[in-house]
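# Architecture and fold: a report
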Amino acid sequence: MPQSREPVRRRRRMDPSARWLPGLGLLLLPFAVTAQAPDEEPPAPVDYSSPYAAWDAAAYDQALRGFADHQTERPDDPELSLNVGAAHYKLSDFEAADGEFYRAAAIGDDELRAQALYNLGNSAYRQDKLEDAVDFYMASLEANPDDLDAKFNLEFVRDEMRRRQQDSQNRQQNEQQQEEQQEDQGAQQQSEGDQDQDQDQEDSGQEQDPGDQGRDQQPQGGEGPQDSDGDGIPDAEDPDTRADGPESGNQGRPQEPAPGMTPEEAERYLQALEEGRPDPTRRGQRGRRSRLAKDW
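Residues numbered from 1 in each chain as written. Predicted model: local features only at pLDDT ≥ 70, side-chain atom pairs only at ≥ 80, totals over all residues. Heavy atoms only, no water.

### Structural notes on the packing of helix α5 (residues 110-126) against helix α6 (residues 130-143)
The N-to-C vectors of α5 and α6 enclose an angle of 165°; their axes lie 8 Å apart at closest approach. Classified by the angle between their axes, α5 and α6 sit roughly antiparallel to one another. For α5 against α6, the interelement crossing comes out left-handed. Of the residues in α6, those touching α5 at Asp 110, Ala 114, Leu 117, Tyr 118, Leu 120, Gly 121, Asn 122, Ala 124 and Tyr 125 are Leu 130, Asp 132, Ala 133, Phe 136, Tyr 137, Ala 139, Ser 140 and Ala 143. For the contact of α5 with α6, the residue count by class is 12 nonpolar, 3 polar and 2 charged. (Axes fitted to C-alpha atoms, helices over the stretch in contact; angles between N-to-C directions. Helix = DSSP H or I, 4+ residues; strand = E, 2+ residues; numbered from the N terminus. Parallel < 35°, antiparallel > 145°, perpendicular 65-115°, else oblique. Left-handed = near helix turned anticlockwise from the far one by under 90°. Contact = heavy atoms within 4.5 Å. Nonpolar A, V, L, I, M, F, W, Y, C, P; charged D, E, K, R; others polar.)

Printed below as a string of structure tokens:
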């Protein structure tokens, strides 16, 4: 991924006799660092003949001291304010630099004003104040419409603002999608839980199988005679349920009239056997509940 480029300012080589410094550039260039052997002594500081020579040698702390000394002699010189601010900027003291640039823009001519506003734009960018940087570059172009560096930096910062805005929108969309996915998953889990609960309630409230109920009503061993239709008559004696009912051919019943019957009773007895009806001679026996009378 390529490294993003910071706003730049082409550095003009100034004459040693010049009284103010060129605009500040912010281009990041590759550089090499040479390791020093432990037994080597650090080089002795160089005493530069002027703050301009120290500036050219990137000795910005010495350049700042030199410019500050001159400023004590000429406190109202806008060129010295611009140079002191430039040295503070190089030392990353942006608050002090901005104060000097404001002073130079306020008391300098149009050329110095444009240069000071341009440097204020660079300082604002380094402090991540992109909107302020745009305002300063536009003000610099009002003072000097032909400044190509200010135009370049202005477009660069605007592109950076658009890129950041797009990145912010993308993050918001991603976060919103993640929240919606989490909500959908939660709703799906809740729905599945409700369905399981409804199924459990349905299973627990389901009526018992009638076949099971019938089996439950059957008497257990040693609990008495079986009465499957619940009419109070044991199945063995109930013509509605016993195995030798009307369809069984009257098995188990005597096929001949009992001794002592009158001819009329014997005839009715035989007729009842043929029709599959209960034996009229057995009604009311064994103390069981009498059924509705029938005309045999």
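### Remarks on the nonpolar core
Core analysis: the biggest nonpolar cluster contains 24 residues, and Leu 82, Phe 101, Tyr 125, Ala 133, Tyr 137 and Val 157 have the highest contact counts within it. Listed by contribution, the elements that provide at least two residues to this core are α3 (78-90), α4 (94-107), α5, α6 and α7 (148-205). Element by element, the count of residues in this core is highest for α5, at 7 residues. For Ala 133, the contacting residues outside a window of four places in its chain are Gly 121, Ala 124, Tyr 125 and Val 157. If you look at the next biggest cluster of nonpolar residues, it comprises 12 residues, including Tyr 60, Leu 64, Phe 67 and Val 84. (Core = buried A, V, L, I, M, F, W, Y, C linked by side-chain atoms within 4.5 Å. Buried < 20%, exposed > 50% of the residue type's maximum accessible area, 1.4 Å probe, protein only.)

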